[in-house]
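Each chain, letter by letter, is given below.
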There are 2 protein chains.
Amino acid sequence: MEQNDTTTIEMSAMEIHKVAPPPHKTTLQKLKTRLKETFFPDDPLRQFKGQPLKKKLILGAQYVFPILEWGPNYSFKLLKSDIVSGLTIASLAIPQGISYAKLANLPPIVGLYSSFVPPLVYAVLGSSRDLAVGPVSIASLVLGSMLREVVSPTKDPILFLQLAFSSTFFAGLFQASLGFLRLGFIIDFLSKATLIGFMAGAAIIVSLQQLKSLLGITNFTKQMGIIPVLSSVFHRTNEWSWQTILMGVCFLVFLLFTRHISIRKPKLFWISAGAPLLSVIISTLLVFALKAQKHGISVIGELQKGLNPVSWNMLHFHGRYLGLIIKTGIVTGILSLTEGIAVGRTFAALKNYQVDGNKEMIAIGLMNIVGSSTSCYVTTGAFSRSAVNHNAGSKTAVSNIVMAVTIMVTLLFLMPLFQYTPNVILGAIIVTAVIGLIDISAAYQIWKIDKFDFVVLLCAFFGVIFISVQDGLAIAVGISIFKVLLQITRPKTVMLGNIPGTRIYRNLDHYKEALSVPGFLILSIEAPINFANTTYLKERISRWMEEYESGETKKQSELKYVVLDLSAVSAIDTSGISLFKDLSMVLEKKSLELVLVNPIGEVLEKLQRADDTKDMMGTDCLFLTVGEAVASVSSTIKYQIPAHV
Amino acid sequence: MEQNDTTTIEMSAMEIHKVAPPPHKTTLQKLKTRLKETFFPDDPLRQFKGQPLKKKLILGAQYVFPILEWGPNYSFKLLKSDIVSGLTIASLAIPQGISYAKLANLPPIVGLYSSFVPPLVYAVLGSSRDLAVGPVSIASLVLGSMLREVVSPTKDPILFLQLAFSSTFFAGLFQASLGFLRLGFIIDFLSKATLIGFMAGAAIIVSLQQLKSLLGITNFTKQMGIIPVLSSVFHRTNEWSWQTILMGVCFLVFLLFTRHISIRKPKLFWISAGAPLLSVIISTLLVFALKAQKHGISVIGELQKGLNPVSWNMLHFHGRYLGLIIKTGIVTGILSLTEGIAVGRTFAALKNYQVDGNKEMIAIGLMNIVGSSTSCYVTTGAFSRSAVNHNAGSKTAVSNIVMAVTIMVTLLFLMPLFQYTPNVILGAIIVTAVIGLIDISAAYQIWKIDKFDFVVLLCAFFGVIFISVQDGLAIAVGISIFKVLLQITRPKTVMLGNIPGTRIYRNLDHYKEALSVPGFLILSIEAPINFANTTYLKERISRWMEEYESGETKKQSELKYVVLDLSAVSAIDTSGISLFKDLSMVLEKKSLELVLVNPIGEVLEKLQRADDTKDMMGTDCLFLTVGEAVASVSSTIKYQIPAHV
């Protein structure tokens, strides 16, 4: 660095730097840049640039089917790791699949179907090496509760199943479309605070639902809210079954204990991974041995054998339920996508490889579309299962294939074994799984950093608990967006002062050593200027001026110049342009001068193009830095005063 | 200005300025400041500060009833001006009132009722001196078309009238609430582009509707869209009445000609102001003399005499139409408020006095609430009539009282005279009035300045013409908000370079003379960092780094530092904080260092409060300006290299 040279030049140069207009670009070029930045910020095609055609084709095929990328280099060593991790997640996937299907009010076997086909599809299309695919608790809960509001799963099970598959189809279609249309940023609107509040609320709702099986209540409420569920629990104490409660408490304690061990020592992950299957086996044996199903312990009952039947003939594309199906599809689609993408990104960051969000959306979407025609409901990459997969040493998506094959064997041969599995165990497994969704330390961090975000979190949490899962989510998203709009509507405008001994100007409220410059009102506007804030800015700037004129600074020197630092104005629209026109009118009436500092290219161009603000763009009222503006303008005062005298 | 001193200090000082934490404020203080800036940016109570109690009471009464402010100083001279302007606007208000009521599918006399009570209320409560109050075309059109979609005004006129009054009540309630709750910024979401497009579309829709009376068609379509209207016109050529067309064309030419004269010579405003009444008188006499009502020219027919009957017993507060009423009330409320506030502000700026937006909303809202109980429908300050009022030399709201008294006399004694007024004249008056809403030169300015705004304009325009008035408006508002959200989701991030000979750093794309600094990637983020853009920013910054490493700059020097200029980051939330955590993880893996420049108070505080980003706040990676950051950091490189060698 030629530090000394630079300083020397700066010393000698009292020169003022011109604000140059940006290099000319046509509207089409600008549109192209804008579209590229909006939809292709990751520039996905850059690897294709300058490659020969054959290479391009290979790269293209690898882009669509990531399996072609890592497949050819697949080795026996990798396979060994993948088999271990695949078997581990299968042992978790079987009990979870059955449990989550029940959470969605679907037949238990659908949960196993959903753990068989989608992982195979994902292994071919997906780009994450750690994602373990299958049904997840949140999406199951939301799917079940949204459909149950309209159709009863007990009275009309076939229709309910049809609606579930159709919703899955639309969820997949929506997910794949987001990826194809590169609109993946839509899932970003679920902020971290929203998700933490939502998941905690959902975990509580899910756990409360499990009181049905944990207490052995037969006539349970159909509603999801905390109040009807608790009143249902305490009004039906006569239905509580002590055998069920005993069994449930024992296994719940066992499962929570194994979970605790694995959290403490991540190397012992296999303890919590194997515990659910072990619980299922032990409890099934217990029931079978004690004939406990005759003593008030309800069991799953007979299950059919065999692989996934086709279900494309069950999809609804019209009819009176179409609105419900599409809505359910979109909500579950967004939720499962958010989980899948977040999980993929987390483990990619840990192992330092890239996951392409839009490509993942297409993979997850296609997986659900295929799933909906093969008796599967909404699936995605599950956080808990992927963590086990990662800990168990999975190397590639082959672990998903191993898991799917294990599930296939189960579906073909082992289904009758589950006949005596008690429902209470499934409840305990679900509670253990969702309890991890309540993240109190993250909530505390949010409270510490940003109180408003914490309010959003609380809204999501209480909305889910007291109103409904989807409304709670909608309220939290609405508040988050409202906050962003409010920031735009009421942009920060701060008064700047000079930091003594420099040409640096900073916020007077923040830097106490900064001094305001007599005769100058120096304001920095810190947001795009547009229709939503033009009126506010005009009134606010007028008030700054009035305050100057009625305040103490007045005594030192009359207000002569209003300097607007536009460095942080990242965009402007036609309403924003009219602000400058109106301001210059107001200032003219008060014989003040308006000085603009450092407008960015777009703002500069638009101000020049508008007829009313063209004149403001002269060199005497447009500067590159506040320091230069103040120096230059006040030197003209100096020269003027003697001339007048 | 001690320019020389400053420069001397700057010369000698290679010192680095500390980024100070902002002065401590409690959460409650911050909340108070934030709420004040959001809801009371105009600080309406500042005039009360430090006044004795008696003065405070007087100021308070004047605040609520502006008439107490100007009333005591009212003079005979002012009265003379106000009588002239009052009579002038009355001559315009009578024919327009009758015409706009027909536009809203209401009995003509309701238009006159609405020009009697609301101006009196406004005269007491309103703070604008130029606003001429009464029914307006846009609100009339929207009210009529929204209600007609559900209830037929011909088959069920009483119910229709009840719904119109009820909608007026809710419009007023909504307007007054916006003012009371200081949520006036909601009307800012109707951007200039939206309004220009919407009004042009509405003007065309309204004009097309007038073809019914201008052509004398009896069986006209009930729809508003351009296609059904035109097909109705051309399928019913047999109903065209040449007498009506002849009369319509003559008076339309006359009215448009007088309008043209007044636009050319604003001093002759009274020509266009008086022309409608003159047309009504002449045409009525013509019909009466020629008995033209028997030759195919339809006339208004008999009208009742007398002042406004009470109508509070006609208001619906429940029942099946409540949703429709509230929706209509809100839409017409927003539209009429937008017009009223805009008109008030325009003339206040011309005469250099202040109009308090929130106070005006309360005034307009109360005026509509009172109106709804006295047989009036939605009213506001009309642009054309206020312009006439202003040109005719009105001094205070007394001109509204004079107008109201004139209307009262008309209602009491002159109603029978309108019996023979032909409907075709009313059509011609409406067309002449709304043609001024099409503002092609403003549309051209928008096209020139901002192409996206022009798209919004077109959406509003075509939406209104082809879909419906309220949907067109909703689409345009939706797109405007979507654009704002998109700006947040894809914030500008620009690479900065050094302007040779200075310590100024500016956008490399804009300032071609700026040079990038080898070893440094200097990025400026120009938006609040929040949930909606965290993922994007992370990916985009990673791509900047990759591009640096694969680009030409690499040859000069390895990338060592990533400098983020946060001057323009006006806010941050918890998701935004995690960006810095993730970035520092990524950078650590690449052995790069992250340097932050000039975070504003809020951002600085939150980064310090979060556990993960606390360490980033050390003095060696936090600087006040980019120049100081580069200078300081590169000087440490200098010293390090010899040590390694």
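For the structure, see preceding data.
An account of the accompanying structure is given in this report.

Reading the values: the criteria
Residues numbered from 1 in each chain as written. Chains lettered and ligands numbered in written order. Predicted model: local features only at pLDDT ≥ 70, side-chain atom pairs only at ≥ 80, totals over all residues. Least-squares fit on C-alpha atoms with pLDDT ≥ 70 in both. Buried ≥ 20, exposed ≤ 12 C-beta atoms within 10 Å, placed from the backbone. Helix = DSSP H or I, 4+ residues; strand = E, 2+ residues; numbered from the N terminus. Pairing = 2+ DSSP bridges. Contact = placed C-beta atoms within 7 Å. Nonpolar A, V, L, I, M, F, W, Y, C, P; charged D, E, K, R; others polar. Expected span 1.5 Å × (residues − 1).

### A look at the relation of the copies chain A and chain B
Then, number 1: Once chain A is rotated about the relating axis by 180° and shifted along it by 0.0 Å, it coincides with chain B to within an RMSD of 0.1 Å. Taken together, these values place the two copies in the relation of a two-fold axis. When each C-alpha of chain A is compared by its distance to the rotation axis, A:Ala568 comes out closest, at 2.2 Å.

### Observations concerning the pairing of strand β3 (residues 493–498) of chain B
Residues and elements named next belong to chain B.
Then, number 1: Of all 6 residues that make up β3, 5 are buried, and the element is covered over most of its length.
Then, number 2: With 3 bridges joining them, β3 and strand β5 (residues 520–525) adopt antiparallel strand pairing. Looking at β5, one finds that Met495 is bridged to Leu523.
Then, number 3: With 3 bridges connecting them, β3 and strand β4 (residues 505–507) associate as antiparallel partners. Paired with Gly497 across the bridge in β4 is Arg506.
Then, number 4: Where β3 folds back on β4, the antiparallel hairpin that results is connected by 6 residues, among which Gly501 adopts a positive phi of roughly 85°.

### As for the sheet that holds strand β7 (residues 593–597) of chain B
All names here are of chain B.
Then, number 1: The strand order across the open sheet formed by 6 strands is β4-β3-β5-β6-β7-β8, and the pairing between neighbours is mixed. The two strands at the open ends of the sheet, each matched to only one other strand, are β4 and β8 (622–623).
Then, number 2: In this structure, β7 lies alongside β8, joined through 2 bridges in parallel fashion. Counterpart to Leu596 in the pairing with β8 is Leu622.

### What to know about the interface of chain A and chain B
Then, number 1: Taken residue by residue, the interface counts 83 residues in chain A and 83 residues in chain B.
Then, number 2: The element that contributes the greatest number of residues to the side of chain A that touches chain B is helix α22 (residues 469–489) of chain A, accounting for 7 residues.
Then, number 3: Taken together, the residues that form the side of chain A that touches chain B break down as 34 nonpolar, 26 polar and 23 charged.

### Brief notes about the pairing of β5(B)
Residues and elements named next belong to chain B.
Then, number 1: Within β5, 6 of the 6 residues are buried, leaving the element largely enclosed by the surrounding structure.
Then, number 2: Of the two faces of β5, the one carrying Phe520, Ile522 and Ser524 and the one carrying Leu521, Leu523 and Ile525 are both buried.
Then, number 3: As judged from the 5 bridges shared by β5 and strand β6 (residues 561–565), these two strands associate in the parallel manner. Looking at β6, one finds that Leu523 is bridged to Leu564.

### Topic: helix α18 (residues 398–414) of chain B
All names here are of chain B.
Then, number 1: For α18, spanning 17 residues, the distance from its first C-alpha to its last is 23 Å, which sits close to the expected 24 Å at 1.5 Å a residue.
Then, number 2: Buried within α18 we find Val398, Ser399, Asn400, Val402, Met403, Ala404, Thr406, Ile407, Thr410 and Leu411.
Then, number 3: Turning to α18, the residues buried within the fold contact α5 (76–103), α6 (108–113), α7 (117–125), β1 (133–134) and α17 (383–391).

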